[in-house]
Every structure is written in C-alpha cells, then in structure tokens.
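Below are the chains, spelled out letter by letter.
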Amino acid sequence: DGAVLGFINKYFTDYDQGSREKLWEAYTEEACFSLSLVASEEPKKAGGVDPAPYLAASRNMLCVQDSDQRFAQLKTQRSAIIQSLSSLPRSAHAPDKFKVDVALVHGTQIFSINICGVFVDVPSGQSVAFHRVFTLSPAPPVIAAQGWPVVIRNDQLTINLAIVLEQNNVASPPVPQMSPLPLP
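Our subject in this report is the structure included herewith.

About the criteria used
- Residues numbered from 1 in each chain as written.
- Predicted model: local features only at pLDDT ≥ 70, side-chain atom pairs only at ≥ 80, totals over all residues.
- Heavy atoms only, no water.
- Helix = DSSP H or I, 4+ residues; strand = E, 2+ residues; numbered from the N terminus.
- Buried < 20%, exposed > 50% of the residue type's maximum accessible area, 1.4 Å probe, protein only.
- Contact = heavy atoms within 4.5 Å.
- Areas by Shrake-Rupley, 256 points an atom, 1.4 Å probe, with all protein chains shown as cover.
- Phe/Tyr/Trp six-rings, centres within 6.5 Å; stacked < 30°, edge-to-face > 60°.
- Lys NZ or Arg CZ within 6 Å of the ring centre and 35° of its normal.
- Polar contact = N/O pair within 3.5 Å; in protein donor to acceptor, adjacent residues only side chain to side chain.
- Patch = residues over 30% accessible without salt bridge, like charges linked within 9 Å, V, L, I, M, F, W, Y side chains within 5 Å.
- Salt bridge = Lys/Arg side-chain N within 4 Å of Asp/Glu carboxyl O.

**Focus on the overall build of the protein**
Reasoning step 1: The helix and strand inventory of the protein stands at six helices and six strands.
Reasoning step 2: Taken from N to C terminus, the helices and strands of the protein fall in the order α-β-α-α-α-β-β-β-β-α-β-α.
Reasoning step 3: The burial tally for the protein puts 39% of its 184 residues in the buried class.
Reasoning step 4: Restricting the contact set of the protein to residue pairs at least 6 apart, pairs at least 24 apart contribute 65%.
Reasoning step 5: Counting only carbon and sulfur atoms, one obtains 57% of the accessible surface of the protein, whose full area is about 10,700 Å².

This is the structure we're talking about:
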C-alpha cells in the first residue's frame, strides 16, 4: 500500500509541475506508453478544452484505422515517452480524489494500478475525465533512492473529453423532491 500511494503522489505531483522531465526515472528504458482519446464524433474546442494535443497522440484503435500510424503512436522508450508526455497540456490532478485498484500478476513482482479520476486542463480551466493503467515492478535500488519505490513498464492513458463536453454544455438534471410516504 505504501509503495502504491507513494508512487501515485510522486508521479502526479511531478507530472503537474510543468516539466515532465522529472518523470525520467519513473519509466524503465524499455517502457511503453499509449494514449487514447474518447471524444465526440468531431471534437472541436468546445467547453474550452483544445483536443488537438490529445488527438495528435491518440492511438484509439477504433478511430485510427492506419496500423502504421497506430504503431507510431505507441511510444516505446523512455525518451519518446517523456517527449510525448511533455507535448500534452499542463494539468492539475487531485490524487486524493482518485479511485484506485491494484491487480497483481501471480508469481511475479509485477502489478498494475488502475486509476480513474479527473484533472484540470490548465489552459482551459476545465475538468477532464481520465483512466490510467500503470504496469509496475519494484525499482532498482538506485532509482528507489531517488524516491521511486516502483518503476513503470507500461502506461496506458485514456482521456475522455466527451464527458467534459457534456458537463460543460448540458444543464444538470433536476433533483427529485422527496415527499413523505403516508403511514398505514
């Protein structure tokens, strides 16, 4: 539990502090990163969130038909991952509000963390829903000494702009009024 919570807090604090170069040691050299965007049929700058940076990196297999393009969007080394993460807009996460689950790979020291939450897209000030799955393993001692108890082998990020667009463009449904039930 401590390693997972420590990783989550350090990762998202470093991720949100501008330069994502601080994440260099969090990824193994052979790590993979994949981003998929869920958006309306023709995403545009609605609700203030610019989808262009997310679309440029997205490899949603149902939307990107060209297999060469999908493969190119899979970032497969630490330097490519940091470059891709750095191309995304600044964000502000609230890890204390995340929903987190952990799955273990039996017989190994590999496990995955599934995180669902919301971050603020800083340029627009709008909330954006996301789901992220990290596949992790214990960090080598030299990396652990730098505050990373585990390292990332695989990182899958799904950003859901469709929810943001709905929240920003649709009024909240009315809250039903409760009336007392008659007693027999």
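**What about the packing of aromatic side chains?**
Reasoning step 1: On inspection of all chains with the given rule, the structure shows 12 aromatic pairs.
Reasoning step 2: Aromatic pair phenylalanine 12 and phenylalanine 130: ring centres 6.2 Å apart, planes at 45°, arrangement tilted. Separated by 118 residues along the polypeptide, phenylalanine 12 in helix α1 (residues 2-16) and phenylalanine 130 in strand β5 (residues 126-138) bring together distant segments of the chain.
Reasoning step 3: Overall, phenylalanine 12 belongs to the buried group, its relative accessible area being 1%.
Reasoning step 4: By relative accessible area, which is 5% here, phenylalanine 130 ends up buried.
Reasoning step 5: Judged by centre distance (5.5 Å) and plane angle (80°), the ring pair of phenylalanine 98 and phenylalanine 130 falls under edge-to-face. In this pair, phenylalanine 98 sits in the loop between β2 (91-93) and β3 (99-104) while phenylalanine 130 sits in strand β5, placing the two residues 32 residues apart along the sequence. The two residues phenylalanine 98 and phenylalanine 130 agree in class, both being buried.
Reasoning step 6: Among the aromatic side chains, those forming a connected cluster through ring pairs are Phe7, Tyr11, Phe12, Tyr15, Tyr27, Phe98, Phe119, Phe130, Phe134 and Trp148.
Reasoning step 7: The ring of tyrosine 15 has arginine 20 lying over it, and the distance from NZ or CZ to the ring centre is 3.8 Å.

**With respect to the environment of tyrosine 11**
Reasoning step 1: Along the polypeptide, tyrosine 11 turns up in helix α1.
Reasoning step 2: Residues tyrosine 11 and leucine 23 lie 12 residues apart in sequence; the distance between their C-alpha atoms is 7.0 Å.
Reasoning step 3: Those residues within four positions of tyrosine 11 in sequence are excluded, and the remaining contacts are Leu23, Tyr27, Leu85, Arg132, Phe134, Trp148, Ile152 and Asp155.
Reasoning step 4: At 2.7 Å, the side chain of tyrosine 11 and the side chain of tyrosine 27 are in polar contact.

**Here's the deal with a nonpolar patch on the surface**
Reasoning step 1: On the surface, Val100, Val102 and Leu104 cluster together to form a nonpolar patch covering roughly 270 Å² of accessible area.
Reasoning step 2: Inspection of the secondary structure assignment puts leucine 104 in strand β3.

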